[in-house]
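Chains, contacts and geometry: an overview
What follows is each chain in one-letter form.
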There are 2 protein chains.
Amino acid sequence: MKVATWNVNSIRARLNNLYAWLKTHQPDVVCIQESKCVDQLFPWKELRLLNYHSVYFGQPKYNGVAILSKHPISSVYKGFTNLGPHEDEQARLISAKVLDTRIISAYVPNGHAVGSDKFAYKLKWLKRLREEYLDTLHSPEERLLLCGDFNVAPEDEDVWDSDVWHNSIITHHSVRNALTHVLDFGLQDTFRHLYPERTQRYSWWDYSRSGFSSNKGVRIDFIFATQPLIDSCQDVVIDTEERAQTKPSDHAPIIATFE
Amino acid sequence: MKVATWNVNSIRARLNNLYAWLKTHQPDVVCIQESKCVDQLFPWKELRLLNYHSVYFGQPKYNGVAILSKHPISSVYKGFTNLGPHEDEQARLISAKVLDTRIISAYVPNGHAVGSDKFAYKLKWLKRLREEYLDTLHSPEERLLLCGDFNVAPEDEDVWDSDVWHNSIITHHSVRNALTHVLDFGLQDTFRHLYPERTQRYSWWDYSRSGFSSNKGVRIDFIFATQPLIDSCQDVVIDTEERAQTKPSDHAPIIATFE
DNA sequence: GAGCCGTCCG
DNA sequence: CGGACGGCTC
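A brief look at the structure comes next. Being a predicted model, the structure only gives us computed values, none of them experimental.

We now examine the packing of helix α3 (residues 117-137) of chain B against helix α4 (residues 173-183) of chain B. Residue and element names in this part refer to chain B. For the pair α3 and α4, the least separation of the axes is 9 Å and the interaxial angle reads 10°. For the element pair α3 / α4, the angle class is roughly parallel. Seen from α3, the contacting residues are F119, K122, L123, L126, L129, R130, E131 and L134; seen from α4, they are S174, V175, A178, L179, H181 and V182. Taken together, the residues that form the contact of α3 with α4 break down as nine nonpolar, two polar and three charged.

Here it is in structure tokens:
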């Protein structure tokens, strides 16, 4: 079973890349972030023709999270609550059961600037993810994958220059602590678990200043797994080839293989 | 000698199409309309690498006319006057000598709606083209080509449905008279001169409502020639293949061959 | 429908 | 830099 996560930076702007990528890699499940469209503009039909079921939690302009799956999807939650509509909530979280596994696609707030209102919202959002969501709905014994763009670089080795990124919105101790709190639920970073020695591996590179060509990136996209799945994780790949395509997203997809 | 005219609907949005088209057709001269950029953003270098000299009269956002030539270019006029800068004038007219021929690239105002201020400007513009420009600077005995997007369909056979287009901004008797006045200088439509029987041949099709696929177009782009050149005109082709490419301009190029 | 631009956001 | 979008033109 191949599970992927990819911040596509607008699904409508990424259609060609997405379709080609799905055909090449044939993942069973894909968690998508930053689709940036309302439900009506989501490419439901086209994805179905490529053999994917989709569930989507969208809003106008910003955010938007989806789960694509070759297998039937059930038990879908949108946002922090499954009760009623979500008009007041940013579309950053969607969850579904695929086969025997709970899949969560998360787009953690960027945080704008340390100390800003948006930064406080980011911290609060991560706290809610742990305490209102994981703790309430799930248990660490479940087969559960928390996938997405977390906008946090866990360690200094996860940014290309720790001086440049010192105390930034993705490295500040407060967001690292908030992420640790989430993982303390009983989750591990599949990539780092399998490859503790792999440094200078990133998942996001700025479009400008030739960020990608000189590998000035940060690792902020993850597939986190509970113990039952960590033990069966065979490989995790950051697909830098996709980032090197024409008209790429600024994020690379991550693909984890289980069993 | 191959001379072409093409309303590219933004030269920057049409770079790939333009470069491929130049390589395929290798025209000696190309008159361009609606480049839609200031001089600094015109692709001078790239065109030079493709062996074309360029002269350009641009403005921000709208209009913009160019002449590209494989042969050296001299005696360039921008706008209705060659005196001083043209800050107050829309960039709709450029003229240059290539070999022994005067080439004029013209983008006649669209006219918005019959009776509007813009419609009056269109009529005035065509009158100035004849009386302030052709009559003053040139003679019908010269080897002269007036090329461009005239936003006028001379005859009912030049629109796909004469009822739909009846009394429109491109068929109204006032604009047809204004165009006739220009041609009375001593110019003939090379296409209609060579092929009086060819109907349902158009140069512009609306992007929407599947205009091109059902050939719902209008013929508003022309290569007009003075007598010395009319006699040596061997062929005129409306390049509908280019209009059928991906990401096309809404106008097709016209290519005339002389000698 | 598809260019342009300015403004917002990451 | 490159998304989205609204307002503009054709």
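Close to DNA strand C lie 13 residues, the nearest being A:N110, A:K118, B:S10, B:K61 and B:S208. Here, DNA strand C places atoms within 4 Å of the protein, and 100% of those atoms are sugar or phosphate. In the environment of DNA strand C, a phosphate oxygen lies 3.4 Å from a nitrogen or oxygen atom belonging to the side chain of A:K118. By residue class, the composition of the surface near DNA strand C is four nonpolar, three polar and six charged.

Turning to α4(B), its buried residues number three or more, namely B:S174, B:V175, B:R176, B:A178, B:L179 and B:V182. Where α4(B) is buried, its residues contact α3, β8 (144-149) and β12 (221-225) of chain B.

All names here are of chain B. Taken together, the six strands give an open sheet; going across it, the order is β5-β6-β7-β8-β12-β9, and neighbouring strands pair in mixed fashion. Both outer strands of the open sheet, β5 (73-78) and β9 (188-189), are each paired with one neighbouring strand and no more. Note that strand β7 (residues 101-107) and β8 share six bridges and pair parallel. Within β8, the residue paired with A106 across the bridge is G148.

Turning to the sheet that holds strand β4 (residues 65-69) of chain B, a few remarks are in order. Paired through their backbone hydrogen bonds, the strands of a sheet run either parallel or antiparallel. Residue and element names in this part refer to chain B. Read from one edge of the open sheet, six strands run β3-β4-β2-β1-β14-β13, paired in mixed fashion. Taken across any chain shown, the strands that pair with only one partner, and hence form the sheet edges, are β3 (53-57) and β13 (233-238). Strand-to-strand twist in this sheet, taken as the mean axis angle between neighbours without regard to direction, amounts to 15°. Across five bridges, the pairing between strand β2 (residues 29-33) and β4 is antiparallel. Residue I32 lies in a different strand from β4, and its bridge partner there is A66. Strands β1 (2-7), β2, β4 and β14 (254-258) of the sheet are contacted by helix α1 (residues 15-25), whose axis makes an angle of about 165° with β1.

All names here are of chain A. Topologically, T5 is positioned in strand β1 (residues 2-7). The exposure class of T5 is buried, given its relative accessible area of 1%. A distance of 3.0 Å separates the side chain of T5 from the side chain of Q33, its partner in a polar contact.

This paragraph deals with the protein's contact with DNA strand D. Within the structure, DNA strand D sits among 13 residues, and A:S10, A:R12, A:K61, A:S208 and B:N110 are positioned closest to it. In the interface set of DNA strand D, defined as its atoms within 4 Å of the protein, sugar plus phosphate atoms amount to 100%. A:R14 places a side-chain nitrogen or oxygen 3.4 Å from a phosphate oxygen of DNA strand D. Class assignment for the residues of the surface near DNA strand D results in four nonpolar, three polar and six charged.

All right, on to the environment of B:I32 then. Residue and element names in this part refer to chain B. Here I32 is to be found in strand β2. On the accessibility criterion, I32 (0% relative accessible area) is buried. Taking the C-alpha atoms as reference points, I32 and A66, separated by 34 residues in sequence, lie 4.9 Å from one another. Setting aside residues up to four positions removed in sequence, I32 forms contacts with W6, V8, L18, G64, V65, A66, L68 and S105.

What follows deals with the pattern of salt bridges. In this structure the tally under the stated criterion is 18 salt bridges over all chains. Measuring nitrogen to oxygen at the nearest pair gives 3.2 Å for the salt bridge that ties B:D100 to B:R143. Here B:R143 lies in the loop between α3 and β8 and B:D100 lies in the loop between β6 (93-98) and β7, a separation of 43 residues in the sequence. Each of the salt bridges in this network shares a partner with another, and the network as a whole consists of A:E157, A:D158, A:D189, A:R192 and A:R219.

The next thing to look at is the packing of aromatic side chains. Under the criterion given, the structure shown has 22 aromatic pairs over all chains. Aromatic pair B:F42 and B:Y56: ring centres 4.4 Å apart, planes at 25°, arrangement stacked. Taken together, the residues span a long stretch of sequence, with B:F42 in the loop between β2 and α2 (44-49) and B:Y56 in strand β3 at a distance of 14 residues. Taken together, the ring pairs in this structure connect A:F42, A:W44 and A:Y56 into an aromatic cluster. Stacked on the ring of A:Y77, the Lys or Arg A:R102 has its end atom at 4.7 Å from the ring centre. Geometry around B:Y195 places B:R198 over its ring, the cationic atom sitting 3.5 Å from the centre.

Another aspect to go through is the environment of A:V55. Residue and element names in this part refer to chain A. Assignment of secondary structure puts V55 in strand β3 (residues 53-57). Residues V55 and L183, spaced 128 residues apart in sequence, show a C-alpha to C-alpha distance of 25 Å. With near-sequence residues (within four places) excluded, V55 lies in contact with W44, V65, A66, I67, I73, V76, I94 and A96.

Let us look at the layout of surface pockets. All names here are of chain B. Within this model, the largest pocket holds a volume of roughly 550 Å³. Together, 25 residues line the largest pocket, and Y107, P109, N110, G111 and N151 are the ones closest to its centre. Considering only enclosed or pocket space, the second largest pocket measures out at about 440 Å³ in volume.

For the rest of this paragraph, the subject is the pairing of strand β14 (residues 254-258) of chain A. Residues and elements named next belong to chain A. Buried residues dominate β14, accounting for four of its five residues. Of the pairings in the sheet, the one linking β1 to β14 comprises four bridges and is antiparallel in character. From the neighbouring strand, T5 faces β14, where its bridge partner is I254.

Our focus in this paragraph is α1(B). Residue and element names in this part refer to chain B. Those residues of α1 lying buried are N17, L18, Y19, W21 and L22. Where α1 is buried, its residues contact β1, β2, α2, β4, α7 (240-243) and β14. Immediately downstream of α1, the backbone of Q26 shows phi near 45°, a positive value.

Definitions and cut-offs
- Residues numbered from 1 in each chain as written.
- Chains lettered and ligands numbered in written order.
- Predicted model: local features only at pLDDT ≥ 70, side-chain atom pairs only at ≥ 80, totals over all residues.
- Heavy atoms only, no water.
- Axes fitted to C-alpha atoms, helices over the stretch in contact; angles between N-to-C directions.
- Helix = DSSP H or I, 4+ residues; strand = E, 2+ residues; numbered from the N terminus.
- Parallel < 35°, antiparallel > 145°, perpendicular 65-115°, else oblique.
- Contact = heavy atoms within 4.5 Å.
- Nonpolar A, V, L, I, M, F, W, Y, C, P; charged D, E, K, R; others polar.
- Near = heavy atom within 4 Å.
- Polar contact = N/O pair within 3.5 Å; in protein donor to acceptor, adjacent residues only side chain to side chain.
- Buried < 20%, exposed > 50% of the residue type's maximum accessible area, 1.4 Å probe, protein only.
- Pairing = 2+ DSSP bridges.
- Salt bridge = Lys/Arg side-chain N within 4 Å of Asp/Glu carboxyl O.
- Phe/Tyr/Trp six-rings, centres within 6.5 Å; stacked < 30°, edge-to-face > 60°.
- Lys NZ or Arg CZ within 6 Å of the ring centre and 35° of its normal.
- 1 Å grid on protein atoms, 1.4 Å probe; cavity = no way out; pocket = protein on both sides within 12 Å on 5 of 7 lines; lining within 4 Å.
- Points joined across faces, edges and corners; volume = space filled by probe spheres on them.

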